[in-house]
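# Summary of structural features
Here are the chains, one letter per residue:
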Amino acid sequence: MRLTVGILIAAAVLAYGQDKDFKSSSTTVPMKITILGSGGGPRPNPIRYGISILVEAEGEKLLFDCGRGAVIRLAQAGIREGEVDKVFLTHLHSDHILSIPDLLLTGWGEQGRNTPLRVWGPTGTKSMMNNLLKAFEFDIHIRRDVDEKFSKEGVAVAATDIQEGTIYQNRGVKVTAFLVDHGPVKPAFGYRVDAGGHSVVMSGDTRFSENLIKHASGVDVLIHEVGGRDINGFLASGLTREQAESIIDHHTSPEQTGMVFERTKPRLAVYAHGGNAEAVAEARKTYTGPLEVADDLSTILVGDRVEFMHRVQ
Ligand SMILES: [Zn+2]
Ligand SMILES: [Zn+2]
């Protein structure tokens, strides 16, 4: 006799907002945010992949950063890589961009992309994308010109080095880039997406930033980085004290993130590039509002209410 045992683990759904008429998470909402990767820093983490956030609104799929494993998480989220043809980079640190070649090449051809991959980012983005095309010229040549004959357009790149301001607008979706302060990494940007009367701000990597506070004031969801403050942990990983101090100095401390949340008053604050219970406890010294730590494939539905769901196992 065969016995089949099914285990269902339901995601905890946490809802924020006052609208009593809100029905359920399956209702179409103006904005859906999927944290594809929630890890902090370049060190490989098999549980938390590199930072990458998908924002879906008004039929658009917009990807913010493309860290390690982003394409695998897209597949797990049931999204074809080829559907994601717009990428916005906060800065060019490797942990924010490592999966761009994967998205460029795997999203092409049989995965459906037959239009250029559009990439916006700070100075150097255009050059990086052109160099990636050179680095992968063998594969591109074989699949485009010799073997499968995949579309020429699908493996082309349209890259833009951006300035602060509105950088994309279509179908009622607006993407605004604003400068943040990532120490010597200049320029570094945060992004705000507005759609259907709702909004999300993503900090990218930054120190405490007044400009971010200006752009995130009253936003529905504020996804903010949080830096580690454990210098001994950095030293144990082989960094010198000077290197560790420099890394710490270029990020926002948990307590400072609390100050940012207190000033901007989002309906929901989220850590999605590192962050843990200890960081939340530190942030609680300065902020008492809603705050969640994302794991990979956490989703946030933004509508009359804001719903946060951890990954469904
Ligand atoms: Zn980072
Ligand atoms: Zn960085």
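Residues numbered from 1 in each chain as written. Chains lettered and ligands numbered in written order. Predicted model: local features only at pLDDT ≥ 70, side-chain atom pairs only at ≥ 80, totals over all residues.

## Quick word on the overall build of the chain
The helix and strand tally for the chain stands at 9 helices and 16 strands. Here the C-alpha atoms of the chain give a radius of gyration of 20 Å, agreeing with the 20 Å that 2.2 N^0.38 yields for 313 residues. Considering the chain as a whole, with its 313 residues, one finds that 44% of them fall into the buried category. Relative to all contacts within the chain whose residues are 6 or more apart in sequence, the contacts with residues 24 or more apart total 67%. (Helix = DSSP H or I, 4+ residues; strand = E, 2+ residues; numbered from the N terminus. Rg over C-alpha atoms; globule rule 2.2 N^0.38 Å. Buried ≥ 20, exposed ≤ 12 C-beta atoms within 10 Å, placed from the backbone. Contact = placed C-beta atoms within 7 Å.)

## Regarding the environment of Gly275
Examined against the element boundaries, Gly275 turns out to sit in the loop between strand 13 (268-271) and helix 9 (277-283). Accessibility expressed as a C-beta count within 10 Å gives 27 for Gly275, which makes it buried. The spacing of Gly275 and Asp295 is 20 residues in sequence and 9.5 Å in space, taken between C-alpha atoms. Gly275 has contacts with Val226 and Val293, leaving out every residue within four places of it along the chain.

## A word on the sheet that holds strand 10 (residues 185-195)
Sheet strands line up and pair through hydrogen bonds in the backbone, either parallel or antiparallel. Read across the sheet, 7 strands follow the order 8-9-10-11-12-13-14 without closing on themselves; strand pairing throughout is mixed. The two strands at the open ends of the sheet, each matched to only one other strand, are strand 8 (165-170) and strand 14 (291-293). In this sheet, adjacent strand axes meet at a mean angle of 20° when their direction is disregarded. Sheet topology note: the strand 10/strand 11 (residues 198-202) ladder contains 5 bridges and is antiparallel. For Tyr191, the partnering residue across the bridge sits in strand 11 and is Met202. Contacts from helix 8 (residues 254-264) reach strand 12 (221-224), strand 13 and strand 14 within the one sheet, and its direction differs from that of strand 12 by about 165°. (Pairing = 2+ DSSP bridges. Axes fitted to C-alpha atoms, helices over the stretch in contact; angles between N-to-C directions.)

## With respect to the pairing of strand 3 (residues 52-57)
Across the 6 residues that make up strand 3, a large majority, 6, are buried. Burial of strand 3 is two-sided: the residues Ser52, Leu54 and Glu56 facing one way and the residues Ile53, Val55 and Ala57 facing the other way are all buried. With 6 bridges connecting them, strand 2 (residues 31-37) and strand 3 associate as antiparallel partners. Counted as the bridge partner of Gly37 is Ser52 from strand 3.

## Looking at unusual backbone geometry
Going from Lys186 to Pro187, the amide bond is cis rather than trans, its omega being -10°. Turning to its location among the elements, Pro187 is positioned in strand 10. The phi angle at Glu58 is positive, at roughly 50°, despite the residue not being glycine. By the element assignment, Glu58 lies in the loop between strand 3 and strand 4 (60-64). By the C-beta count within 10 Å, which is 12 here, Glu58 ends up exposed.

## A few points about the sheet that holds strand 1 (residues 13-16)
Strand order in the open sheet formed by 9 strands is 1-16-15-2-3-4-5-6-7, and the pairing between neighbours is mixed. Looking at the sheet topology across the chains shown, the edges are occupied by strand 1 and strand 7 (157-161). Pairs of neighbouring strands in the sheet enclose a mean axial angle of 20°, with direction left out of account. In terms of strand pairing, strand 5 (residues 86-88) meets strand 6 (residues 117-121) through 3 bridges, oriented parallel.

## Description of the environment of Arg229
Its location among the elements puts Arg229 in the loop between strand 12 and helix 6 (231-236). Look at Arg229 and you get partly exposed, because 15 C-beta atoms sit within 10 Å. In the structure, Arg229 is positioned 167 residues away from Leu62 in sequence and 32 Å away in space, judged by C-alpha atoms. Setting aside residues no more than four positions away along its own chain, Arg229 makes contact with Ile248 and Ser253.

## So, the confidence of the model for the chain
Overall, the predicted model of the chain reaches an average pLDDT of 92, with 92% of residues at or above 70. Counted against residues more than four places away or in other chains, residues 1-10, with its pLDDT under 50, gives 1 contact. Residue range residues 19-26 is modelled with pLDDT below 50. Its contacts to residues more than four positions away, or to other chains, number 8 contacts. (pLDDT = per-residue confidence, 0-100.)

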